[in-house]
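So the chains spell out like this:
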Amino acid sequence: MSKELNKILNLIKVKNFQEAKKKCDEVKNDLSKNADFLHIYGYIFFNLEDYDQAIEQWTMAVNINPKFVSALNNLGNAFSKLKKFDIATGYLDRALKLKPDLFEAYYTLSNIYFKKNMFEESLAKINQALKLKPDNLPSIKAKLQLFIEMNKKEESLKFLEKAIQYHPKNTELYNEKAQVLSDLGMNRQSLDTYRTILMMDPDFPFALGNIVSDKLKNCDW
């Protein structure tokens, strides 16, 4: 049976989820009590966007092994996709009790709280995620979006200074920095940042227009 599981895993690696599902369908009766198989089966359904079936498989896996952290975390993800946020939060909290350094759970919780307009709670969770993976770009962008919603421009600028150190060639982060500098009235610094962007990517959208705008603000004719 391990050969069959390896075939399924190889199909997942190349993102052939439809074929992987067919293989799972062929062996599911023999492996209905195997938590690892159910976890894989749920992962396939999740990637096929059949969240109800993913939940069914992962629930069975957790019933077999209540300490199956990945399955608990994935149940949180699936219920979040269905906008059943309270249920999702419950599973993610269970996963974190078992594994307090589970980056993915903090990230998903932050996203849930953001969608519920609970920005302080969302910020607390994304900060915990960033403690574990300070260079994670999706988490960096999520925190920047939170700062925008919370109108925390000074905090955003300080955070961008650190984030750019992890991603010194990421023009999007420089663009965020330039916009924050402009919003804070620091137009000359904003101009310098836009020039840096153009040196890195001469075709970066709107950079030239923003330079002109900041020059006008500074009466730099």
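None of these values were measured; they are calculated from a predicted model.

Chemist: Explain the overall build of the protein chain to me, using residue names and the numbers behind them.
Modeler: Helix and strand counts for the protein chain stand at 13 helices and zero strands. Along the protein chain, helices (α) and strands (β) appear in the sequence α-α-α-α-α-α-α-α-α-α-α-α-α when read from the amino end. Whereas a compact globule of 221 residues would reach a radius of gyration of roughly 17 Å, the protein chain reaches 22 Å, over 25% beyond that. Among the 221 residues that make up the protein chain, the fraction classed as buried is 43%. Taking the intrachain contacts of the protein chain between residues at least 6 apart in sequence as the baseline, contacts between residues at least 24 apart amount to 46%. When the accessible surface of the protein chain is totalled, it reaches about 12600 Å², and 50% of it is carbon and sulfur. Placing the 33 positive and 29 negative side-chain charges of the protein chain at their respective mean positions leaves the two points 3 Å apart.

Chemist: If you had to explain the layout of surface pockets to someone new, which residues and values would you point to?
Modeler: The space that makes up the largest pocket amounts to roughly 180 Å³. Taken together, Leu144, Phe147, Ile148, Asn151, Lys152, Lys153, Ser156, Glu176, Gln179, Val180 and Asp183 make up the lining of the largest pocket. Of all the elements in the fold, those that place two or more residues in the lining of the largest pocket are α9 (137-149), α10 (153-166) and α11 (171-183). Counting residues per element, the lining of the largest pocket draws most heavily on α11, which supplies four residues. For the lining of the largest pocket, the class distribution of residues is four nonpolar, three polar and four charged.

Chemist: Break down helix α4 (residues 51-64) for me, citing the residues and quoting the values.
Modeler: Residues separated by three or four positions in an α-helix point in the same direction, a consequence of the helix having 3.6 residues per turn. With 14 residues, α4 should cover 20 Å at 1.5 Å per step; its first-to-last C-alpha distance of 20 Å lies within 8% of that length. For α4, every residue scored as buried is listed here: Tyr51, Ala54, Ile55, Gln57, Trp58, Ala61 and Val62. On an axial view of α4, the arc spanned by its buried residues comes to 170 degrees, and they lie on one face. Seen from the open side of α4, the exposed residues pointing more than 90 degrees away from its buried face are Asp52 and Asn63. Buried residues along α4 sit against α3 (35-47), α5 (69-81) and α6 (85-98).

Chemist: Account for α6, naming residues and giving values.
Modeler: The end-to-end C-alpha distance of α6 is 20 Å, a good match for the 20 Å that 14 residues give at a rise of 1.5 Å each. When we look at burial in α6, the residues that qualify are Phe85, Ala88, Thr89, Tyr91, Leu92, Ala95 and Leu96. The buried residues of α6 occupy one face: seen down the axis, they fall within an arc of 165 degrees. Exposed side of α6, more than 90 degrees from the buried face: Asp86 and Lys97 are the residues found there. Packing partners of the buried residues in α6 comprise α5 and α7 (103-115).

Chemist: Residue-level account of the nonpolar core, with values.
Modeler: In this structure, Ile8, Phe37 and Ile44 are the most contacted members of the largest nonpolar core, which totals 66 residues. Looking at this core, the element that brings in the most residues is α3, giving eight residues. The residues touching Phe37, leaving out its near neighbours within four places in the chain, are Leu5, Ile8, Cys24, Val27, Lys28 and Leu31.

Definitions and cut-offs
- Residues numbered from 1 in each chain as written.
- Predicted model: local features only at pLDDT ≥ 70, side-chain atom pairs only at ≥ 80, totals over all residues.
- Heavy atoms only, no water.
- Helix = DSSP H or I, 4+ residues; strand = E, 2+ residues; numbered from the N terminus.
- Rg over C-alpha atoms; globule rule 2.2 N^0.38 Å.
- Buried < 20%, exposed > 50% of the residue type's maximum accessible area, 1.4 Å probe, protein only.
- Contact = heavy atoms within 4.5 Å.
- Areas by Shrake-Rupley, 256 points an atom, 1.4 Å probe, with all protein chains shown as cover.
- Lys, Arg positive; Asp, Glu negative; His and termini not counted.
- Charge placed at Lys NZ, Arg CZ, Asp CG, Glu CD.
- 1 Å grid on protein atoms, 1.4 Å probe; cavity = no way out; pocket = protein on both sides within 12 Å on 5 of 7 lines; lining within 4 Å.
- Points joined across faces, edges and corners; volume = space filled by probe spheres on them.
- Nonpolar A, V, L, I, M, F, W, Y, C, P; charged D, E, K, R; others polar.
- Expected span 1.5 Å × (residues − 1).
- Arc of directions from axis to C-beta.
- Core = buried A, V, L, I, M, F, W, Y, C linked by side-chain atoms within 4.5 Å.

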